[in-house]
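Observations on the three-dimensional arrangement
Residues per chain, in single letters:
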Amino acid sequence: MLVLLASIFVVHIATVIMLFVSTIANVWVVSDLGTGSVGLWKNCTSGGCGDNLSYAGEDALKAVQAFMILSIIFSVISLVVFVFQLFTMEKGNRFFLSGATMLVCWLCVMVGASIYTHHYANGSINNYEPSHHGYSFILTWICFCFSFIIGILYLVLRKK
Ligand SMILES: *[C@@H]1O[C@H](CO)[C@@H](O)[C@H](O)[C@H]1NC(C)=O
């Protein structure tokens, strides 16, 4: 049981880091021709990243930015609550609060990543043909899976 809790803790920290990296790094869609990559904030070429993202003002992109930031906040809150409950909660109880908070994080990742996938995750809108998904995009979908598993495990596990 202790090993299980410790592994969830490690996976939780990894998820927080991955959410952070994927939100900040502008590598959601990458040009196959090596001309650059775009993310939630900037348009990057070999010369550096600039503010010339053509759809920067669109509501859909702002929604993705907001949901990704919310997902980071909720995953951190869930981690803090888990550590707190580990020391204060009575034995036999479930980590209900950390689990519920982590599932809210999962919902935010799901909404953010879905909007991005629907609107921006292709080469044509980014003027990159051909293109592939960058590591930010992949990390985000990995976080989608991890945050769900972590959330459910918190709800199921009892403190020993
Ligand atoms: C990114 O910059 C390149 C080069 O300036 C431009 O061709 C492309 O349309 C831009 N992409 C977006 C999504 O703004």
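Since this is a predicted model, take the numbers as computed values, not measurements. (Residues numbered from 1 in each chain as written. Predicted model: local features only at pLDDT ≥ 70, side-chain atom pairs only at ≥ 80, totals over all residues. Heavy atoms only, no water.)

Re helix α4 (residues 135-156)
Working note: α-helix, 3.6 residues per turn, so residues spaced by three or four point in the same direction. The following threshold applies: Strands here are runs of E lasting at least two residues and helices are runs of H or I lasting at least four, both read from the DSSP assignment and numbered beginning at the N terminus. Helices are assigned an expected span. That span is 1.5 Å times one less than the residue count. For each residue, the accessible area found with a 1.4 Å probe, counting protein chains only, is set against the maximum for its type, and the residue is called buried under 20%, exposed over 50%, and partly exposed in between. By construction, the arc corresponds to the directions joining the helix axis to the C-beta atoms. The contact definition used throughout considers only heavy atoms, calling two residues in contact when any of these lie within 4.5 Å.
Over its 22 residues, α4 extends 31 Å from the first C-alpha to the last, a length consistent with the 32 Å expected when each residue adds 1.5 Å. Listing the buried residues of α4 in full gives Ser136, Phe137, Leu139, Thr140, Cys143, Phe144, Ser147, Ile150, Gly151 and Tyr154. Down the axis of α4, the sector holding all buried residues measures 155 degrees, keeping them to one side. Against the buried residues of α4 lie α1 (2-24), α2 (59-88), α3 (96-119) and β5 (131-133).

A look at the site of the ligand
Spelled out, the test is: Summary of the distance rule: residues count as near a molecule or strand when at least one heavy atom falls within 4 Å of that molecule or strand. By the criterion applied in these results, polar contacts are pairs of N or O atoms within 3.5 Å in which, for protein atoms, one can donate a hydrogen and the other can accept it, and in which residues neighboring in sequence qualify only through two side-chain atoms. Put simply, Ala, Val, Leu, Ile, Met, Phe, Trp, Tyr, Cys and Pro go in the nonpolar bin, Asp, Glu, Lys and Arg in the charged bin, and everything else, Gly too, in the polar bin.
Neighbouring residues of the ligand: Asn43, Asn52, Leu53, Ser54, Tyr55, Asn126 and Asn127. A distance of 3.4 Å separates a nitrogen atom of the ligand from a polar backbone atom of Asn126. Asn127 is positioned with one of its side-chain polar atoms (N or O) 3.2 Å from an oxygen atom of the ligand. When the residues that make up the shell around the ligand are grouped by side-chain class, the tally is 2 nonpolar, 5 polar and no charged.

So, the pattern of salt bridges
Note that side chains of opposite charge can pair when their charged atoms are close. Counted only if it meets this: We count a salt bridge whenever a side-chain nitrogen from Lys or Arg sits within 4 Å of a carboxyl oxygen from Asp or Glu.
This model, assessed by the stated rule, comprises 1 salt bridge. Asp51 is the salt-bridge partner of Lys42, the closest N and O atoms lying 2.9 Å from each other.

A closer look at the UniProt feature "transmembrane region" (unreviewed entry) in the protein chain
Which entries qualify depends on this criterion: UniProt positions are given in the numbering used here, feature names are shortened, and annotations may be inferred rather than shown by experiment.
Taking the UniProt record as the reference, the feature "transmembrane region" (unreviewed entry) is found at residues 7-30, 63-84, 96-116 and 136-157. Across residues 7-30, the secondary structure splits into 75% helix and 8% strand, with the terminal C-alpha atoms separated by 33 Å. As annotated, residues 96-116 has a helix share of 100% and a strand share of 0%, and its two end C-alpha atoms lie 30 Å apart.

Topic: the confidence of the model for the protein chain
The condition that has to hold: Within a predicted model, pLDDT stands for the predictor's per-residue confidence, ranging from 0 to 100.
On average, residues of the protein chain score 94 in pLDDT, and 100% of them are at 70 or above. Per-element averaging of pLDDT across the protein chain places strand β4 (residues 48-50) at the bottom with 92 and α3 at the top with 97.

A few points about unusual backbone geometry
Going from Glu129 to Pro130, the amide bond is cis rather than trans, its omega being -5 degrees. Checked against the element boundaries, Pro130 lands in the loop between α3 and β5. The phi dihedral of Asn127 is positive, around 65 degrees, even though this residue is not glycine. Mapping Asn127 onto the fold places it in the loop between α3 and β5.

Some details on the state of the cysteines
Selection rule: In plain terms, two cysteine sulfur atoms within 2.5 Å form what is called a disulfide here.
Counted under the stated rule, the structure contains 1 disulfide. Across a sulfur-sulfur distance of 2.0 Å, Cys44 and Cys49 are joined as a disulfide pair. Across the disulfide from Cys44 to Cys49, rotation about the S-S bond amounts to roughly 105 degrees, and the bridge is consequently right-handed. According to the relative accessible area criterion, Cys49 is partly exposed, its value standing at 45%. Left without a disulfide partner, Cys108 is nearest to the cysteine sulfur of Cys105, which lies 6.7 Å away. By relative accessible area, which is 7% here, Cys108 ends up buried. Unpaired in terms of disulfides, Cys145 finds its nearest cysteine sulfur in Cys143, a separation of 9.1 Å. Relative accessible area serves as the criterion here: at 39%, Cys145 is assigned to the partly exposed category.

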